Amino acid sequence: MTAVEAAPAGWLTNVRAAPATLAQWWVLTVRLIVPSVKTGEIITAVLAPITFTASFYIPLNRVMSFAGLGFSSYAQFMAPIVILQACAFTAVSAAFRAATDAVSGLDRRFDAMPMHPIVPAAARMSSNVFRLLIGLVSAVVSTHVIRFRFVDGTLHTLGFLALGLAIGIAFCLGADAIGTATRSPEATTQVLVLPPLILGMLSTGLAPAHQFPHWVQFFVRNQPVSQYAEGLRALGGDTLGKAHPVTWSLMTPPLLWLVGTIALACYFIARQNLKRS
């Protein structure tokens, strides 16, 4: 008896399932990416960080530089908030797409097909990461134009880019879970637009915590956007060496927020998709 004949009955099916699942994931990913290129959605992903950079830097540069930042320039200080707003913008788009798939019945049609229930969500995330990468590249280029520079070597530069990408993925995972749960593209967009705006304004992304009223400083310092901004700012460095050093005590809070967000989002995505199977 050969090894194939002696194998369990489902063994060959499982061997063929992995390539089929990858093929399904790829087809669904292309289904999402190609229309976004044709409709100009990618152009929006490029223009959004440019808009964020101009809207933050032009009106606030002189004011914040006069008030004192403890940094060599306002561009060096505010670059992280541009990265975070680019991530949030991509997340809103991710939530809208997830809600559209849910309310249109597309998820139910996928459930009736012979595919793993996680494949549609994985394809959405792949297309989200595609747009996220474009947005992050635009954000880095935009801040470079206003003279933001990576000054602490290759390792810290890679850490900055990796942290920005990981934050964007965490935002998109959470947004996908919210969009699938609400099943309303309009309501989802309205729910997700305000939190990034409010948390961005009440954070250390645009101004140091000591420039806020005393009663709100604790929240400003410890909310997740501020923690992410501080981590990115330390990795980005400062041309005059005024950035905080990259230490475990500094990086632990943003990493904990990051891991917690990803874990919680993955739990809800898995629950939403597997319970339908």
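Criteria and cut-off values
Residues numbered from 1 in each chain as written. Predicted model: local features only at pLDDT ≥ 70, side-chain atom pairs only at ≥ 80, totals over all residues. Heavy atoms only, no water. 1 Å grid on protein atoms, 1.4 Å probe; cavity = no way out; pocket = protein on both sides within 12 Å on 5 of 7 lines; lining within 4 Å. Points joined across faces, edges and corners; volume = space filled by probe spheres on them. Helix = DSSP H or I, 4+ residues; strand = E, 2+ residues; numbered from the N terminus. Nonpolar A, V, L, I, M, F, W, Y, C, P; charged D, E, K, R; others polar. Expected span 1.5 Å × (residues − 1). Buried < 20%, exposed > 50% of the residue type's maximum accessible area, 1.4 Å probe, protein only. Contact = heavy atoms within 4.5 Å. Axes fitted to C-alpha atoms, helices over the stretch in contact; angles between N-to-C directions. Parallel < 35°, antiparallel > 145°, perpendicular 65-115°, else oblique. Left-handed = near helix turned anticlockwise from the far one by under 90°. Phe/Tyr/Trp six-rings, centres within 6.5 Å; stacked < 30°, edge-to-face > 60°.

### Thoughts on the layout of surface pockets
Part 1: For the largest pocket, the calculated volume is near 630 Å³.
Part 2: Around the largest pocket, the lining is made up of 26 residues, and of these Phe171, Gly174, Ile178, Leu192 and Thr261 lie nearest the centre.
Part 3: Secondary structure elements with two or more residues in the lining of the largest pocket: α4 (74-103), α7 (154-182), α8 (185-201), α10 (224-236) and α11 (248-274).
Part 4: By residue class, the composition of the lining of the largest pocket is 20 nonpolar, 6 polar and no charged.

### Observations regarding α11
Part 1: Taking 1.5 Å per residue, 27 residues should reach 39 Å; α11 reaches 37 Å between its end C-alpha atoms and fits that length.
Part 2: Every buried residue of α11 is accounted for by Leu250, Met251, Pro254, Leu258, Ala265, Ile269, Gln272 and Asn273.
Part 3: Buried residues along α11 sit in contact with α6 (119-145), α7 and α10.

### A look at the packing of α4 against α10
Part 1: One way to put it is that α4 packs onto α10 with a least axis distance of 9 Å and a crossing angle of 125 degrees. On the basis of the axis angle, α4 is oblique to α10. For the pair α4 and α10, the sense of crossing is right-handed. For the pair formed by α4 and α10, the contact residues are Gln76, Phe77, Pro80, Ile81, Ile83 and Leu84 on the first element and Val225, Tyr228, Ala229, Leu232, Arg233 and Gly236 on the second.
Part 2: The residue makeup of the contact of α4 with α10, split by class, is 9 nonpolar, 2 polar and 1 charged.

### Some points on the packing of aromatic side chains
Two measures describe an aromatic ring pair: the distance that separates the ring centres and the angle between the ring planes.
Part 1: Enumeration according to the criterion identifies 11 aromatic pairs in this entry.
Part 2: Pairing Phe52 with Phe56 gives two aromatic rings, centres 6.5 Å apart and planes at 15 degrees, and the pair type is stacked. Residue Phe52 and its partner Phe56 are located together in helix α3 (residues 41-67), separated by 4 residues, close to a single helical turn.
Part 3: By relative accessible area, which is 10% here, Phe56 ends up buried.
Part 4: Centre to centre, the rings of Phe171 and Tyr228 are 6.1 Å apart; their planes meet at 65 degrees, and the pair counts as edge-to-face.

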